[in-house]
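Now for the letters of each chain:
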Amino acid sequence: MTKEVRPVAVGDVTYTDVLGGRVTFTQTEDSTVRMVGQFNEGFDDPDARTLLYVGELPPPDQLDMTINPPGTSAFEYDYEDVTITNFTDVPIRIIADNEIIAVADPTVPAE
């Protein structure tokens, strides 16, 4: 039996909870997904270079996250030329100063 695939729609959302916070992805246009999030734990060094990998996508360039130990400020980033399917049921890895500090459970669609 084949899994039914529903069309992607503006407003579709997927998310995961990690490091005492949440990262949410929302389809904002036909080929744009906005990531918003904040972490509340896990960060010690306010000057650490932080990368956030979503599934197999490259990490965002110019992520506007500021580290305020033990967490971060709120952040957002727009991914272009993608749909919410690129962000659904994928893990998220958070790397600070070349060390993986967390791997989140795969994202789940908001009901």
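Residues numbered from 1 in each chain as written. Predicted model: local features only at pLDDT ≥ 70, side-chain atom pairs only at ≥ 80, totals over all residues. Heavy atoms only, no water.

1. What about the sheet that holds strand 9 (residues 99–104)?
- Pairing within the open sheet is antiparallel, and its three strands lie in the order 4-8-9. Of all strands in the sheet, those bounded by a partner on one side alone are strand 4 (50–54) and strand 9. Averaged over all pairs of adjacent strands, the angle between their axes in this sheet comes to 20°, without regard to strand direction.
- Two elements, strand 8 (residues 92–96) and strand 9, share five bridges in a ladder whose sense is antiparallel. (Pairing = 2+ DSSP bridges. Helix = DSSP H or I, 4+ residues; strand = E, 2+ residues; numbered from the N terminus. Axes fitted to C-alpha atoms, helices over the stretch in contact; angles between N-to-C directions.)

2. Here's the deal with the nonpolar core
- Residues Phe25, Met35, Phe39, Leu52, Tyr79 and Ile94 are the most contacted members of the largest nonpolar core, which totals 27 residues.
- Those elements that place two or more of their residues in this core are strand 2 (21–29), strand 3 (32–38), strand 4, strand 7 (75–80), strand 8 and strand 9.
- When residues no more than four places from it in sequence are discounted, the contact partners of Tyr79 are Phe25, Ser31, Thr32, Val33, Met35, Val54, Leu57, Pro58, Pro60 and Phe87. (Core = buried A, V, L, I, M, F, W, Y, C linked by side-chain atoms within 4.5 Å. Buried < 20%, exposed > 50% of the residue type's maximum accessible area, 1.4 Å probe, protein only. Contact = heavy atoms within 4.5 Å.)

3. Some remarks on unusual backbone geometry
- Residue Pro70 follows Pro69 across a cis peptide bond; omega there is 15°.
- Mapped onto the elements of the fold, Pro70 is located in the loop between strand 5 (67–68) and strand 6 (71–72).
- One non-glycine residue, Asp81, lies in positive phi territory at about 60°.
- Mapped onto the fold, Asp81 is located in the loop between strand 7 and strand 8.
- Although it is not a glycine, Asp97 sits at a positive phi angle of roughly 50°.
- As for its position among the elements, Asp97 is in the loop between strand 8 and strand 9.
- Classification of Asp97 as partly exposed rests on a relative accessible area of 39%.

4. Here we look at the packing of aromatic side chains
- What the rule picks out here adds up to five aromatic pairs.
- Plain terms: the ring middles of Tyr77 and Tyr79 are 4.9 Å apart, the flat faces sit at 80° to each other, and that makes the pair edge-to-face. Across the pair, Tyr79 and Tyr77 agree in class, each one buried.
- By way of ring pairs, the aromatic residues Phe25, Tyr77, Tyr79 and Phe87 are connected into one cluster.
- Sitting over the ring of Tyr53, Arg93 keeps its end group 4.5 Å from the ring centre. (Phe/Tyr/Trp six-rings, centres within 6.5 Å; stacked < 30°, edge-to-face > 60°. Lys NZ or Arg CZ within 6 Å of the ring centre and 35° of its normal.)

5. Focus: a negative patch on the surface
- On the surface, a cluster of negative charge is made up of Asp44, Asp45, Asp47, Asp97 and Glu99.
- The topology assignment puts Asp45 in the loop between strand 3 and strand 4.
- With relative accessibility at 33%, the residue Asp45 sits in the partly exposed group. (Patch = residues over 30% accessible without salt bridge, like charges linked within 9 Å, V, L, I, M, F, W, Y side chains within 5 Å. Areas by Shrake-Rupley, 256 points an atom, 1.4 Å probe, with all protein chains shown as cover. Salt bridge = Lys/Arg side-chain N within 4 Å of Asp/Glu carboxyl O. Lys, Arg positive; Asp, Glu negative; His and termini not counted. Charge placed at Lys NZ, Arg CZ, Asp CG, Glu CD.)

6. Regarding the pairing of strand 4
- Within strand 4, four of the five residues are buried, which leaves the element mostly enclosed by the surrounding structure.
- One ladder, built from five bridges, connects strand 4 with strand 8; its direction is antiparallel. Bridging across to strand 8, Leu51 finds its partner in Ile95.

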